[in-house]
Amino acid sequence: MNGDLFFRLLRCLRQQPKQTTRPMQQEELEVVRHHMMKDMQKNNTDMPVKILLLGTAESGKTTIIKQMRILHINGFTDDERREKIPEIYQNIHDSIIQLVRQMTLLGISFGSRSSERSADYILSLDSLAPDYMSEEYCDHVMALWNDVGIRSCYNRSNEFPLLDSAKYFLDNFVRISDMDYIPSTEDILHSRKITTGISQITFRVPLPKSLGGGDQEFRMYDVGGQRDQRNKWIQVFEGIQAVLFLISCSEFDQNLREDPTQNRLQEALKLFRAVWQNRFLSSAGLIVFLNKYDIMERKIRAGKHIVDYFPEFEEFQSRRQQNNLFDESDWTKMFIKQKMVDITQEPFKRNSRNQTDYSSTERECYYHFTVATDTRCIRDVFSDVQQMILSENVSGMALY
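Conventions we followed
- Residues numbered from 1 in each chain as written.
- Predicted model: local features only at pLDDT ≥ 70, side-chain atom pairs only at ≥ 80, totals over all residues.
- Heavy atoms only, no water.
- Helix = DSSP H or I, 4+ residues; strand = E, 2+ residues; numbered from the N terminus.
- Buried < 20%, exposed > 50% of the residue type's maximum accessible area, 1.4 Å probe, protein only.
- Contact = heavy atoms within 4.5 Å.
- Areas by Shrake-Rupley, 256 points an atom, 1.4 Å probe, with all protein chains shown as cover.
- Phe/Tyr/Trp six-rings, centres within 6.5 Å; stacked < 30°, edge-to-face > 60°.
- Lys NZ or Arg CZ within 6 Å of the ring centre and 35° of its normal.
- Expected span 1.5 Å × (residues − 1).
- Polar contact = N/O pair within 3.5 Å; in protein donor to acceptor, adjacent residues only side chain to side chain.

Notes on the overall build of the protein
Consideration 1: Each helix and strand counted, the protein has 16 helices and 6 strands in total.
Consideration 2: Residue burial in the protein is summarised as follows: out of 400 residues, 48% are buried.
Consideration 3: In the protein, once contacts between residues fewer than 6 apart in sequence are set aside, the share between residues at least 24 apart is 76%.
Consideration 4: By element, 48% of the accessible surface of the protein is carried by carbon and sulfur atoms, the whole surface being about 20,900 Å².

The following block contains the structure:
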């Protein structure tokens, strides 16, 4: 917004003779607000809304970036889709190799001698995926994925690192291995590549008439979530209007790749506390995406329970038993959200140069349950998010 207009208005008000000053009427306030919004609209190209995506590795940050491209930049061209083929091949290759390796470690037997031969073939290959899907390679991958032992191993995949998209790609392997394969939008959303450094996407979003009309530029920053990447985060903290923090609801029974002794959900909560209390982000709005609840629900149906990893869940559930309409998935979602709410109510620590006391400042945190690979879900949620961010910016104006 052009500050000159705002200060001219203030000077005009201050220069009025004392005996004639009076509170501004609602009609006058609306006129001033209208001019302010018009001025903001004219200058919005110089005032992008900056959103920073934060969260642990594999929480879904890069998938959100892809969704913004789908929703606001016309998606992917055929050439861009073809460029994703090596990444998808590598996801499949990594997944089947990891499953085969874990069979011995978990003491699981293959369902047949032919599957054992297929496993030997896969283990004889390089760690890099083949450039193309040969008939021999495809036969061995399909034989293994259909093996009862490999399926048993997959059912225990919380005990070792495995891509969330492993089942999706292996279930779709026949289609993907076709010579004329071009990745679908859903394939691209499920593909995974480790984020290192900082990436950015810029897009424009139409504004409703209630916020002045026109459109607004958004800049969204994605940073690597691995522990060794987090020291780069501070490089993009300046000028951030909103932090979009992603936490994976499905990781309650998994440990970190980089530290097999640390529970992933515990790590995410610890990181959320550091972000919430970081002095460089104290003025930014904070939105939480409790992501991958679809995978969480699938795990619970398969017999996994959060109480085995968070014993306090039992007390949390027993204190709220008056609502008997909730099933275990609902309780689990509520429990994880409450963990984050509790963190926002903790006293601010002042034992670090990155942390200070903002307890006297009113600050809210907004929560949404999401499935990052579901474009409709992200469209609806991000519509709410952008309205909230823009409304917060407008409500910060002194005369709004």
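Side note on the packing of aromatic side chains
Consideration 1: Following the criterion strictly, the structure yields 12 aromatic pairs and no others.
Consideration 2: An angle of 65° between the planes, with centres 5.3 Å apart, marks the rings of Phe-245 and Phe-272 as edge-to-face. With a gap of 27 residues between them, Phe-245 in strand β4 (residues 242-248) and Phe-272 in helix α12 (residues 264-276) connect regions that are remote in the sequence.
Consideration 3: A centroid spacing of 5.5 Å and a plane angle of 65° characterise the contact between Phe-316 and Phe-335, whose relative ring orientation is edge-to-face. Separated by 19 residues along the polypeptide, Phe-316 in helix α14 (residues 312-318) and Phe-335 in helix α15 (residues 328-344) bring together distant segments of the chain.
Consideration 4: Classification of Phe-335 by relative accessible area gives buried; the value is 4%.
Consideration 5: Through a chain of ring-to-ring contacts, the aromatic side chains of Phe-310, Phe-313, Phe-316, Phe-326, Trp-331 and Phe-335 assemble into a single cluster.
Consideration 6: The ring of Trp-276 has Arg-363 lying over it, and the distance from NZ or CZ to the ring centre is 4.3 Å.

Comments concerning α15
Consideration 1: An ideal rise of 1.5 Å per residue puts 24 Å on 17 residues; α15 measures up with 25 Å between its terminal C-alpha atoms.
Consideration 2: Within the span of α15, buried status applies to Ser-329, Trp-331, Thr-332, Lys-333, Phe-335, Ile-336, Met-340, Val-341, Ile-343 and Thr-344.
Consideration 3: Summarising the contacts, the buried residues of α15 are in contact with β4, α12, β5 (285-291), α13 (293-301), α14 and β6 (365-370).
Consideration 4: Looking at where α15 begins, the residue whose side-chain oxygen comes 3.2 Å from the main-chain nitrogen of Ser-329 is Asp-327.

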